[in-house]
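Here are the chains, one letter per residue:
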Amino acid sequence: MRKPIIAGNWKMNKTRDEAINFALGVSGRLPNYAECIVCAPFIILRDLVKRVPTNLAVGAQNMDYHDSGAFTGEVSPLMLKDTEVTHVIIGHSERRAYYNETDESVNLKVKKALEYDLVPIVCVGEVLAEREAGKTNEVLARQINEGFKDVNLDNPENLVVAYEPVWAIGTGKNASSEIAEEACKFIRTELEKIFGNKANDIRILYGGSVKPENIKEYMANPDVDGALVGGASLKVDSFVALCNYKD
């Protein structure tokens, strides 16, 4: 059985005090049946790690693939490891669209994250024009095969993939439960070509306007192992409700 993951991506939100209040607010309210994660801005990671309850993990939203060097404004995997975070989002559509992330840079970051025992949450997904042109599977296959090229995976639990249809992120247009399952199932098929039977143990999340009101229908699908949530993860009660989706 794959343990579900509910991961909040705070994006460029929350001050240090707001993050600490969030950690205090969710304490004692999260279930054991799901792995709960919040991915926060770099500047508050250290303080957040010190204050979260034991059943809430902390991740970063990005990292560089160099160990160190003259890369102004970047954060290395060594720095992330030093903050004691456990996860890192890689290849989010906003990074691809606004900061020129490519499948090649995603590949380098995935390898480096695994080298440092950080769990990469690797985002893939199509834009609206690609979906309307019937190219969803073509886009997903390219992102997966190039993003995981030559990646050595010892433990499949140390890799997470998030299907995020770009047209459903922050737009209020969530993909239907059927669309999410179809895409996640296809992603698992592509992962099998790379990792063999280990693909059965890789968690695949859906992300795109997920809310407490609709998470149950996504989680009912056999190939959807959780959710990567943006806006709905910012408020304590909403995040708690997402994590307790079975109740």
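In this text, all values refer to a predicted model and were calculated from it rather than measured experimentally.

Asker: Explain the packing of helix H7 (residues 136–147) against helix H8 (residues 177–195) here, please?
Answerer: Each pair of packed helices can be described by the angle between their axes along with the distance between the axes. Following both chains from N to C, one finds H7 and H8 inclined at 40 degrees, their axes separated by 10 Å at the closest point. Viewed along their axes, H7 and H8 adopt a mutual orientation that is oblique. The hand of the H7/H8 crossing is right-handed. Mapping the contact onto sequence places Asn137, Leu140, Ala141, Ile144 and Asn145 in H7 and Ala183, Phe186, Ile187, Glu190, Leu191 and Ile194 in H8. Looking at the contact of H7 with H8, its residues break down into eight nonpolar, two polar and one charged.

Asker: Where do I start with H7 in this structure?
Answerer: Residues lying three or four places apart along an α-helix face the same way, a consequence of the helix completing one turn every 3.6 residues. Its 12 residues give H7 an end-to-end C-alpha distance of 16 Å, which sits within 8% of 16 Å, the value for a rise of 1.5 Å per residue. Within H7 the residues assigned to the buried category are Thr136, Val139, Leu140, Ala141, Gln143, Ile144 and Gly147. Of the surrounding elements, those touching the buried residues of H7 are helix H4 (93–98), helix H5 (103–115), strand E5 (119–124), helix H6 (128–132), strand E6 (160–163) and H8.

Asker: I keep staring at unusual backbone geometry and nothing clicks. Help me out?
Answerer: Even without glycine at this site, asparagine 100 takes up a positive phi of about 60 degrees. As for its position among the elements, asparagine 100 is in the loop between H4 and H5. Residue classification places asparagine 100 among the exposed positions, given a relative accessible area of 64%. Even without being a glycine, aspartate 117 presents a positive backbone phi close to 60 degrees. In this fold, aspartate 117 is placed in the loop between H5 and E5.

Criteria and cut-off values
Residues numbered from 1 in each chain as written. Predicted model: local features only at pLDDT ≥ 70, side-chain atom pairs only at ≥ 80, totals over all residues. Heavy atoms only, no water. Axes fitted to C-alpha atoms, helices over the stretch in contact; angles between N-to-C directions. Helix = DSSP H or I, 4+ residues; strand = E, 2+ residues; numbered from the N terminus. Parallel < 35°, antiparallel > 145°, perpendicular 65-115°, else oblique. Left-handed = near helix turned anticlockwise from the far one by under 90°. Contact = heavy atoms within 4.5 Å. Nonpolar A, V, L, I, M, F, W, Y, C, P; charged D, E, K, R; others polar. Expected span 1.5 Å × (residues − 1). Buried < 20%, exposed > 50% of the residue type's maximum accessible area, 1.4 Å probe, protein only.

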